[in-house]
Amino acid sequence: MKRTLLIFASLIAAILILFQLGQYSFIKGDLKIETLISIIAIVFFLVGAYINRQYRVKRVSISEPGEIDHHRIAELNISKREYEVLKWMAEGLSNKEIGEKLFVSESTVKTHVSSLLQKLNSRRRTQAIQRAKQEKIL
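Small disclaimer: the values here were computed from a predicted structure and weren't measured. (Residues numbered from 1 in each chain as written. Predicted model: local features only at pLDDT ≥ 70, side-chain atom pairs only at ≥ 80, totals over all residues. Heavy atoms only, no water.)

Participant: What exactly am I supposed to notice about a nonpolar patch on the surface here?
Facilitator: A grouping of Ile12, Leu16 and Phe19 is seen on the molecular surface, where their side chains present a nonpolar patch of about 300 Å² in accessible area. Position of Leu16 relative to the elements: it lies in helix H1 (residues 2-28). What makes Leu16 exposed here is its relative accessible area of 51%. (Patch = residues over 30% accessible without salt bridge, like charges linked within 9 Å, V, L, I, M, F, W, Y side chains within 5 Å. Areas by Shrake-Rupley, 256 points an atom, 1.4 Å probe, with all protein chains shown as cover. Salt bridge = Lys/Arg side-chain N within 4 Å of Asp/Glu carboxyl O. Helix = DSSP H or I, 4+ residues; strand = E, 2+ residues; numbered from the N terminus. Buried < 20%, exposed > 50% of the residue type's maximum accessible area, 1.4 Å probe, protein only.)

Participant: What is the right way to look at helix H7 (residues 125-134) in this model?
Facilitator: Side chains of residues three or four places apart in an α-helix project in the same direction, reflecting 3.6 residues per turn. Gln127, Ala128, Ile129 and Ala132 are the residues of H7 that are buried. On its buried side, H7 packs onto helix H4 (80-90) and helix H6 (106-119). Directly beyond the C-terminal end of H7, a positive phi value near 60° is found at Lys136. (Contact = heavy atoms within 4.5 Å.)

Participant: How should I be thinking about the nonpolar core in this particular structure?
Facilitator: Nonpolar side chains in soluble globular proteins generally cluster together in the buried interior. The biggest cluster of nonpolar side chains holds 19 residues, and the ones touching the most others in it are Ile78, Val85, Leu86, Met89, Ile98, Leu120 and Ile137. Taken together, the elements giving at least two residues each to this core come down to H4, helix H5 (95-102), H6 and H7. Those residues in contact with Ile137 that sit more than four places away from it in its chain are Ile68, Asp69, Arg72, Ile73, Leu76, Ile78, Tyr83, Leu86, Leu120 and Ala132. (Core = buried A, V, L, I, M, F, W, Y, C linked by side-chain atoms within 4.5 Å.)

By themselves, these figures tell us nothing about what the structure is for.
Spelled out as structure tokens, the structure:
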């Protein structure tokens, strides 16, 4: 947070300095207004590109699937089908929707959900998803 604040403060200071230099050069007659506007536009473009890059780096690191602990999945004795159900649960799908996605009946999905709740020592679906994330299996 401090780093972001420092970046924006220095950016504002640089833009103010640029405006003052531009005003001085414009009044003196050494600089045309089009050149001044172009320089300011380039500065804003570079700042925007930097912010976009930082946002994309953070977004990729958040959604990286490489952190899944497959060993822990095996320890909890979660089957492949139960794991698929767990992933769809995390997406917020209902039992009926999960059944349609996996081409199984709703009662089969309920059985898998019950098994997952037991294996993850949870009472509710949301608690199971939270525990799965803590165990790094989602």
